[in-house]
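# Working through the structure, step by step
Take a look at the letters that make up each chain.
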Amino acid sequence: MRRRIRCRSGLVLAQLILLGVVTAQPADAQSYTVTDLGTFGGPRSAAFSINNSGEVAGFAETVDGRHQAFVYVSGALFNLGTLGGADSYAYRISDSGLVIGRANNAEGKNRAFVTILNGSMFDISSLDSRLGGSFSVALGINGLGQVIGYFHTADEHMASQNRVFLYSNSQVTDLGTFGGEDGIVTAINDSGQMVGSYGTESKADYAERTAFLYTAGKVINLGTLGGKVTVATDLNNNGQVVGYSQTRRGNYHACIYSSGTLTDVGVLPGGTHSLAYGINNSGEVVGASDSAKSTLHAFVYSGGQMRDLNTLIPTNSGWVLTEAREINNGGQIVGNGIKDGQERAFLLTPIVK
Amino acid sequence: MSPQKLYRCRGLWPRVVMCWSFLIAGTSVSAQDPSIVGQWSAVQTLPIVAVHAHLLPTGKVLIYPYTDDPHLWDPATGTITSAALAGFNIFCTGHAFLADGRLFVAGGHIANNVGEAKAAIYDPFTNSWTRLPNMNAGRWYPSNTTLPNGDVLVVSGDQDTTVGVNTLPQVWQTATNSWRNLTNAQLGLNLYPAMHLAPNGKVFMSIPSEITRYLDTSGSGLWTTVAIRQYGFRSYGSSAMYDDGKILVAGGGDPPTNTAEVIDLNVASPSWRFVGSMSSPRRQFDLTLLPDGNVLATGGSSGSGFDNSTAPVFVAEIWNPATEQWTTVAGNTKYHGYHSNALLLPDGRVLTTGGDDQPNAEIFSPPYLFKGARPTISSAPAAVGYGQTFFVQTPNAASITKVTWIRLPSVTHAFDMNQRINRLNFSQASGGLNVTAPASANLCPPGHYMIFILDGNGVPSVAKIIQITAVAVTPPAAPSGLAATAISTSQINLSWVDNANNETGFKIERCLGSACTNFSQIAQPAAGVVNYSDTGLASSTSYTYRVRSYNSGGDSSYSNTATATTSAAGPAPPSAPINLTVTTMSATRIDLKWTDTSNNEAGFRIERSPDGNTFTEIATVGENATAYSNTGLTCNTFYHYRVRSFNTAGNSAFSNNAKKKTSQCR
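If you're wondering where the values come from, they're calculated on a predicted model, not measured in any experiment.

This paragraph deals with the overall build of chain B. For chain B, the helix and strand inventory stands at four helices and 59 strands. When each of the 666 residues of chain B is scored for burial, the buried share is 53%. Summarising the internal contacts of chain B: among those between residues at least 6 apart in sequence, 58% fall at separations of at least 24.

Along the backbone of chain A there are one helix and 28 strands. In chain A, buried positions account for 56% of the 353 residues. Within chain A, residue pairs in contact and separated by at least 24 positions form 41% of the contacts whose partners lie at least 6 positions apart.

A word on the interface of chain B and chain A. Listed as interface residues are 43 residues of chain B and, on the opposing side, 45 residues of chain A. Counting only elements with at least two residues in the side of chain B that touches chain A, the list comes to β9 (109-111), β16 (164-165), β21 (211-216) and β22 (222-228) of chain B. Partitioning the side of chain B that touches chain A into residue classes produces 18 nonpolar, 20 polar and five charged.

With that settled, consider the sheet that holds strand β37 (residues 410-412) of chain B. Residues and elements named next belong to chain B. Here we have six strands laid out as an open sheet, ordered β6-β5-β4-β3-β37-β38, and antiparallel in their pairing. A single partner strand is all that each edge strand has here, and the edge strands are β6 (80-82) and β38 (415-416). Pairing of strand β5 (residues 71-73) with β6 involves three bridges; the strand directions are antiparallel. Within β6, the residue paired with L72 across the bridge is T81.

Once that is clear, we can look at the nonpolar core. Membership of the largest hydrophobic core comes to 237 residues, with the highest contact counts inside it found for V56, A90, V195, F299 and A324 of chain A together with L248 of chain B. With six residues, the top contributor of residues to this core is strand β42 (residues 447-455) of chain B. Residues within four places of F299 of chain A in sequence aside, it is in contact with L268, V286, G287, A288, S289, M306, R307, D308, L309 and A324 of chain A. Ranked by size, the runner-up nonpolar core spans twelve residues in total, among them A486, W496, F506 and L537 of chain B.

Our focus in this paragraph is the sheet that holds strand β6 (residues 84-93) of chain A. All names here are of chain A. Taken in spatial order, the four strands line up as β6-β7-β8-β9 in an open sheet, and their pairing is antiparallel. Bordering the open sheet on either side are β6 and β9 (122-123), each of which pairs with just one other strand. Sheet topology places β6 next to strand β7 (residues 98-105); six bridges connect them, and they run antiparallel. From the neighbouring strand, G84 faces β7, where its bridge partner is N105.

Sheet topology places β21 of chain B next to β22 of chain B; six bridges connect them, and they run antiparallel. Bridge pairing links L215 of chain B to W223 of chain B in β22 of chain B.

Next up on the list: the confidence of the model for chain A. Considering every residue of chain A, the mean pLDDT works out to 88; 88% of them sit at 70 or more. Across residues 1-27 of chain A, confidence stays below pLDDT 50; counting only partners more than four residues off in sequence or on other chains, it has 46 contacts.

What follows is about the confidence of the model for chain B. Here chain B averages 91 in pLDDT, while 95% of its residues score no lower than 70. Prediction confidence for the complex, expressed as pTM and ipTM, is 0.76 and 0.85 respectively.

What follows covers the environment of G232 of chain B. By the element assignment, G232 of chain B lies in the loop between β22 and β23 (238-243). Its 19 C-beta neighbours within 10 Å are what place G232 of chain B among the partly exposed residues. Ignoring anything within four residues of it in the chain, the contact list for G232 of chain B reads R249 and G250 of chain A together with E210 and G253 of chain B.

It is worth spelling out the environment of G603 of chain B at this point. Residue and element names in this part refer to chain B. Following the sequence through the fold, G603 ends up in strand β54 (residues 603-609). Once the C-alpha coordinates of G603 and T620 are considered, the two residues, 17 residues apart in sequence, prove to be 6.8 Å apart. When neighbours within four sequence positions are excluded, G603 is seen to be in contact with T620, V621, G622, E623 and F646.

Our focus in this paragraph is the pairing of strand β36 (residues 400-407) of chain B. All names here are of chain B. Within β36, six of the eight residues are buried, which leaves it mostly tucked inside the rest of the structure. With seven bridges connecting them, β36 and β42 associate as antiparallel partners. Bridged to T404 within β42 is F452. For β36 and strand β39 (residues 421-423), the ladder comprises three bridges, and the chain directions are antiparallel. By the bridge assignment, T404 is partnered in β39 with R423.

With that out of the way, let us pick up unusual backbone geometry. Of note, the amide linkage connecting I207 of chain B to P208 of chain B takes the cis form, showing an omega dihedral of 10 degrees. Note that P208 of chain B resides in the loop between β20 (203-207) and β21. With an omega dihedral of 0 degrees, the bond running from D254 of chain B to P255 of chain B counts as a cis peptide bond. Examined against the element boundaries, P255 of chain B turns out to sit in the loop between β24 (246-250) and β25 (260-264). Positive phi values are uncommon outside glycine, yet A216 of chain A reaches one of about 50 degrees. Among the structural elements, A216 of chain A can be located in the loop between β16 (209-215) and β17 (218-221). Not every positive phi belongs to a glycine, and Y236 of chain B is a case in point at roughly 55 degrees. Along the chain, Y236 of chain B turns up in the loop between β22 and β23.

Moving on: the environment of A484 of chain B. Mapping A484 of chain B onto the fold places it in strand β44 (residues 480-486). Considered as a pair, A484 of chain B and D534 of chain B are 50 residues apart in the sequence and their alpha carbons are 9.7 Å apart.

Here is what the cut-offs are and how they apply
Residues numbered from 1 in each chain as written. Chains lettered and ligands numbered in written order. Predicted model: local features only at pLDDT ≥ 70, side-chain atom pairs only at ≥ 80, totals over all residues. Helix = DSSP H or I, 4+ residues; strand = E, 2+ residues; numbered from the N terminus. Buried ≥ 20, exposed ≤ 12 C-beta atoms within 10 Å, placed from the backbone. Contact = placed C-beta atoms within 7 Å. Nonpolar A, V, L, I, M, F, W, Y, C, P; charged D, E, K, R; others polar. Pairing = 2+ DSSP bridges. Core = buried A, V, L, I, M, F, W, Y, C linked by C-beta atoms within 7 Å. pLDDT = per-residue confidence, 0-100.

Okay, structure coming up:
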């Protein structure tokens, strides 16, 4: 993830605000209540996914500093445990409540898992030894319970490659790299379309990466905004894809791919850098952008307009919302911010007028 | 230097251009002169790829590869030994030296783009690791910056491929062994951003983004934009602070650029401007500060793509801050690209090592090592304080024109995270230089630095490693076992046991008598000295001594006292007689005469020899005598004579020799 800020327009923007030319928000702007999802006793929590029932997945810190995958259901935070090691991270939750992510086993290795509240965590690598190396993670799940993720092919850094797997009907399938030397998938919709990125180098930042949409057996290159890196992060059931793409000058901008076109979502006023993380079936997009204050702010993008979510919550809430990670079809948004000096997961619920 | 090393022209067209320009830069003869182009060592094979490299205060280089497999390389011997394991994969960590010389590392490698939340400290003096409390989250490719108070800023680093980069800057607080979160400064940064402590105490980010900023680490943190760089995104370019508040960035991008830019953070409105371009585009290369203040560029690729090993840049280049231009120098033989690094050694050479599939090292000797004899530093204090003037002992004081020090390097991924040079004020003094340390920790964060003294030709000494610390320096341990031994009527020799390893030197005090207390200092020998000869003393006199060590933290307590008495003075031997003459008086008699030059003789001893070689004393005569008659001799025979005076203190030297033959026999 790469974020930058350009402040050339900051002064102009401030002058416009003073003159009343730029109003804080349109009169019909949606506003939200904000909920702190809490922790397991430690200072930190983070949320990454919300299903259409309002259930949330993420991780929270314990008193002794361990990160534990959680599911947030009906106002309560539940610890999903691990595969025997210290830490676990939940990245997606399906409408049926299945939760996926990665967790440490007793050896400290990261393993892709799937679980459900009050169920036991299942190590997907137990079905296929190829996932039993140093690292595997599950990143996408659809309404059919199909799980996608990727795994490292070797422990040794120089010999390792990222390859995509599909876990479906109790079977693990190696889907390869989709054309690059390594491949990563991030989301799968109910039609089985997948998005992700592949690259010629998996070893570091700044390497060329190509975002793809895998649909009907074809790998579609989503293009770029001028630079050499595009990453797809989510797609909806309409096949619309979001992510971020490098501009010609090396900055990243949130983008939407729809009907064969990659569109720059832009940045918040005064910012230079944005990333889109989630899109719902209505085409509403959430993400993060830097801003005139040189700090990250969570945004929601709809109707061609990007709004700073910090302007849509009660003033004096004590929150700085830094990134929005997913939005469900009901418009609820989860993400992460700073509350009372601590990193906390939030849930935004639209206020019905 | 072989021509093959200089003119390695394989590869794509940028290489051809580079080689062409190099040939133009100098004739083939002068270009091979190491005093102009420097010289590369042979390739040394290493047991690992050195992805991370750190010059420790011990003088050894800690390197580690893609795994938790650190090694220690000794520049003096070339030997490599395994170092203690960290206990987690320290590949892809950020690192910075602490004020006490220990190495602070943060983050690490779980998988590509998946970082460890761990942090640890490596102690080079005990070869051991200490785990610290975890950071807020994982960091893969973070940057560490030592702050003026010795704390360490950690920024960036990927948490994992879902969460992305760790947006929260954190400060490691050494005093409390805890983290401070800069919650007001959350920002998505590039991995391994180049951060520099600026003269105003803020931390300046120079590359890869063209938007360059300050991070104020006080309170909950605050980013402010400083200036937009001229060139765009410099991915895997390099950056170096080449003078207080002055930063050079060069290369980087894809395809890489050969351009370079500078900014001066000391002015009211800093802005970037282009300076001379390198002879070749580069990415995945290193900028290394040299003792003379120039900046060396080594390694990297001129080709497009992330790590294009088909277009290696072998020639090195040196940037001169005065001219702001580059000069191409000698080339090496191995491609040091992604995962390579370069660092200055205390002897003034530059170690270049690492790069994927490159378990080797090459060492560059810059041209200044071929421009004449090197000045030497006999001694320097182990530690100094801010603004302190300290003594650097050197026999070359009169020829020194520049004194610099450079922070111990800690390098990875084309960037030394805390590289800086300070040009130190100094003055000539008897037997050395009085050098003044920087007054501000903003210009010189606490820790260890290599101090170089340079002559008018720009030839640097081998460095001594000095610690600068804001914390009061502890006075050294007191010496013990002082012994005093009279050697003569005028000399007493002293010896003692040095119990400290941080003394600047010793102070010797003396008083007259065996039970005296009115000591005064008589000498101040350097660190490590354990004996002293006190000369010019009075005879038959008792002297009492004591000694203590000292450093910038003050004086130690005194050693034991020791007393000795010089020898008693006696009469001196008389001076030698001169002008000895002999006269044949008969067949059996020869008379001798000489000049008496002494006034304290007891008499004279007359010696005779048949051959001028073997003399036998034949008589003594009394005080003030100047003649003697030798009778009873054999006729027609040669006799040799010499004379010396004597008294109770001994004999004088001999007079000249003289010979005569007795008369013919009858």
